[in-house]
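# Structural overview for review
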Amino acid sequence: MDKLSDRVKRLGYSQTFVMSNKAREMKAAGIDVISLTLGEPDFDVPDNIKQAAFDAINQNYSHYSPVPGFLELREAVAYKLKRDNNLEYKPSQICVSNGAKQAILNVLASVINDGDEVLLPAPYWVSYDEMVKMMGGTSVMLPTSYVTDFKITAEQLEESITDKTKAILFSSPCNPSGGYYTYDELKSMAKVIAKYPHVTVISDEIYEYINYETKTTSIAQFPEVYEQTAVINGMSKAFAMTGWRIGYSACPEWLAKACEKIQGQMTSGANTMAQRASITALKTDPSEYKYMIDAFQKRRDLVYDLMKEVPGFKVVLPKAAFYFFPDVSHYIGKTLNGTEIKDSDDFAMFLLEHAHVGCVGGVSFGSPECIRFSYAASEEDLREAMKRIKELLAPFNS
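A brief report on the enclosed structure follows. (Residues numbered from 1 in each chain as written. Predicted model: local features only at pLDDT ≥ 70, side-chain atom pairs only at ≥ 80, totals over all residues. Heavy atoms only, no water.)

We now examine the overall build of the chain. Within the chain, the secondary structure is distributed over 13 helices and 14 strands. Computed over C-alpha atoms, the radius of gyration of the chain comes to 21 Å, within 12% of the 21 Å expected from 2.2 N^0.38 for 398 residues, which places it in the range of a compact globule. Considering only C-alpha atoms, the chain reaches an extent of 60 × 55 × 50 Å along its principal axes. Out of the 398 residues in the chain, the part that is buried amounts to 55%. Total accessible area on the chain stands at roughly 16900 Å², and carbon and sulfur atoms take up 51% of it. Between the mean site of the 42 positive side-chain charges and the mean site of the 51 negative ones, the chain shows a separation of 2 Å. (Helix = DSSP H or I, 4+ residues; strand = E, 2+ residues; numbered from the N terminus. Rg over C-alpha atoms; globule rule 2.2 N^0.38 Å. Buried < 20%, exposed > 50% of the residue type's maximum accessible area, 1.4 Å probe, protein only. Areas by Shrake-Rupley, 256 points an atom, 1.4 Å probe, with all protein chains shown as cover. Lys, Arg positive; Asp, Glu negative; His and termini not counted. Charge placed at Lys NZ, Arg CZ, Asp CG, Glu CD.)

Two side chains of opposite charge can pair, provided their charged atoms sit close to one another. Per the stated rule, a full pass over the model turns up 25 salt bridges. Linking Lys 9 and Asp 6 is a salt bridge whose minimum nitrogen-to-oxygen distance equals 3.8 Å. Of this pair, Lys 9 and Asp 6 both sit in helix α1 (residues 6-10), three residues apart, roughly one helical turn. In this structure Lys 9 comes out as partly exposed when scored by relative accessible area, which is 44%. Glu 391 is the partner of Lys 387 in a salt bridge, and the nearest nitrogen-oxygen pair spans 3.3 Å. With a gap of four residues between them, Lys 387 and Glu 391 both fall in helix α13 (residues 379-393), about one helical turn apart. One salt-bridge network, held together by shared partners, links Lys 80, Arg 83, Asp 84 and Glu 208. (Salt bridge = Lys/Arg side-chain N within 4 Å of Asp/Glu carboxyl O.)

Read from one edge to the other, the open sheet built from three strands follows the order β9-β14-β13, with strand pairing classed as antiparallel. In this open sheet, the two edge strands, each paired with only one partner strand, are β9 (323-324) and β13 (360-361). (Pairing = 2+ DSSP bridges.)

A few words on the side chain of Thr 200. Its place among the elements puts Thr 200 in strand β6 (residues 200-204). Using a relative accessible area of 6% as the deciding quantity, one classes Thr 200 as buried. Aside from chain neighbours lying at most four places away, what touches Thr 200 is Val 111, Lys 166, Ala 167, Ile 168, Gln 228, Trp 254 and Leu 255. (Contact = heavy atoms within 4.5 Å.)

It is worth spelling out the nonpolar core at this point. Proteins that are soluble and globular tend to have nonpolar side chains buried together. Core analysis: the biggest nonpolar cluster contains 111 residues, and Phe 313, Phe 347, Phe 373 and Ile 389 have the highest contact counts within it. Residue contributions to this core reach at least three from each of two domains, namely domain 1 (6-44 + 289-394) and domain 2 (47-285). Discounting chain neighbours no more than four positions away, the residues touching Phe 347 are Phe 313, Val 328, Tyr 331, Leu 336, Ile 341, Ile 371 and Leu 393. Ranked by size, the runner-up nonpolar core spans 19 residues in total, among them Leu 142, Tyr 181, Leu 186 and Ile 193. (Core = buried A, V, L, I, M, F, W, Y, C linked by side-chain atoms within 4.5 Å. Domains from an automatic or database assignment.)

Remember, this is a structural readout, not a statement about activity or role.
In structure tokens:
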């Protein structure tokens, strides 16, 4: 008898962790690997946030919190959404979760039945498709390319919606492309979605602050889709709090209550000390943490100049987040040093094994012609990584 469920057998492993683990194994074996795999800021948590956590421990915040989070934290989230996004939410519309990943799962579990379709503009974060599978849904990919800055159009969206469509899930700013949807683009998408009240929008805005051009727009700002939209955000990226595991959703009341019900049966409330520290983070003026964004922008500009010199890479300048997502279709279908490159996952493994630079292939991002590099690393490592890749690939382009 097979003891594993069909559900778990449908799921794949995160390619991000597959590649990062492989890089760690090579490092442990004494190989000088530069890993640009994980989407994790390489900064320490700001001191005022850490102090708030110490204070919470000393004040004995060690017991269960309410399932959707402390009221003070949900008030802080509502304050932040009004201050930064011009969005009106009551604390009762907010559910604080164990990371933004759980916030997305809460929403999917609340709206998806077996066989329902979820639209995923590709490229998308690697876990989106697996989350949809976990909930019994079916992902419908909406392809894009570097030519369109990896963004769908409103017309493409309308052509994709059917009676089976239950949700659309996307990130803006986008992991992995580093692009984002403009106000006008989201306005056009909102007009389409408003025609289909059976469709829920799941807008992942975790990279909102890491934007080098302007403030990002949330699709929830458009009144016609406010009651259809779940805004997802969290503390991991802007505050370098990846290990603290605090995310949140802001939803219409009907969906917020469903998320609370799901979470109440799954994990209950999130870590209490991390919740108290998050209150301080959200209430602090974002300019206090801008030094991290400035550093990312400097690294982005450095890598862009270097990556443009890598033969066979088609590169778009990312406007947000901390990733590059070059098109490497030039190498797909070729044999390099005896290695057949069938897709970008093969190419990413080739770079790891021969240049000792870790990145993530684009297959699980829905873009098998691209690879993702994180530039949340030191300038020294970024320079050396691009140098190694350029030197490795030069003989195949002479």
